[in-house]
Amino acid sequence: QVQLVESGGGLVQAGGSLRLSCTASGSIVSINLMGWYRQAPGKQRELLAQITNTGNTYYVDSVKGRFTISRDNAKNTVHLQMNSLKPEDTAVYYCNADSVTALPLNRQTYWGQGTQVTVSS
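Conventions we followed
- Residues numbered from 1 in each chain as written.
- Predicted model: local features only at pLDDT ≥ 70, side-chain atom pairs only at ≥ 80, totals over all residues.
- Heavy atoms only, no water.
- Buried < 20%, exposed > 50% of the residue type's maximum accessible area, 1.4 Å probe, protein only.
- Helix = DSSP H or I, 4+ residues; strand = E, 2+ residues; numbered from the N terminus.
- Pairing = 2+ DSSP bridges.
- Core = buried A, V, L, I, M, F, W, Y, C linked by side-chain atoms within 4.5 Å.
- Contact = heavy atoms within 4.5 Å.

Peer 1: I keep staring at the pairing of strand E9 (residues 91–102) and nothing clicks. Help me out?
Peer 2: Looking along a regular strand, one sees side chains alternate from face to face of the sheet. Of all 12 residues making up E9, nine are buried, and the element is well covered by its neighbours. Here E9 runs beside strand E11 (residues 115–120); their pairing, made up of three bridges, is antiparallel. By the bridge assignment for E11, Tyr 93 is matched with Thr 115. What sits between E9 and strand E10 (residues 106–111) in their antiparallel hairpin is a turn of three residues.

Now the structure itself:
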């Protein structure tokens, strides 16, 4: 069984920074794609950023230039450095690991439990 555990959320003032981390554990062989999503109250979950196992990245326009995604393949960990935070960034942030190959041999997508980020004005 593969589990994703997130950390690093909290309360921050507008303009501040937070760093989220997510570590995948279990009998993992490889993880193709890792990413971060968020869901604000009353809204759908939205993709923020993704990173492949070779380091290619993608950002949605709303976070481009403010957020940076990185990963450590050896530790099955992905980070999201969030700078210049705005009140509208307030949401529950979820880690995602897509095309996870694990033992006994299978390939699935996994989600973390979510971590709250609150940005005060």
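There is more to say after this.
Peer 1: How should I be thinking about the nonpolar core in this particular structure?
Peer 2: Nonpolar side chains tend to gather and get buried jointly when the protein is soluble and globular. Counting 33 residues, the largest nonpolar core has Trp 36, Phe 67, Ile 69, Val 78, Leu 80, Met 82 and Tyr 93 as the members making the most contacts within it. Elements supplying a minimum of two residues to this core: strand E3 (18–25), strand E4 (28–39), strand E5 (46–52), strand E7 (67–72), strand E8 (77–82), E9 and E11. With six residues, the top contributor of residues to this core is E9. Once residues lying within four places of it in the same chain are set aside, the contact partners of Leu 80 are Leu 18, Arg 19, Leu 20, Trp 36, Leu 48, Ala 49, Phe 67, Thr 68, Ile 69 and Tyr 93.

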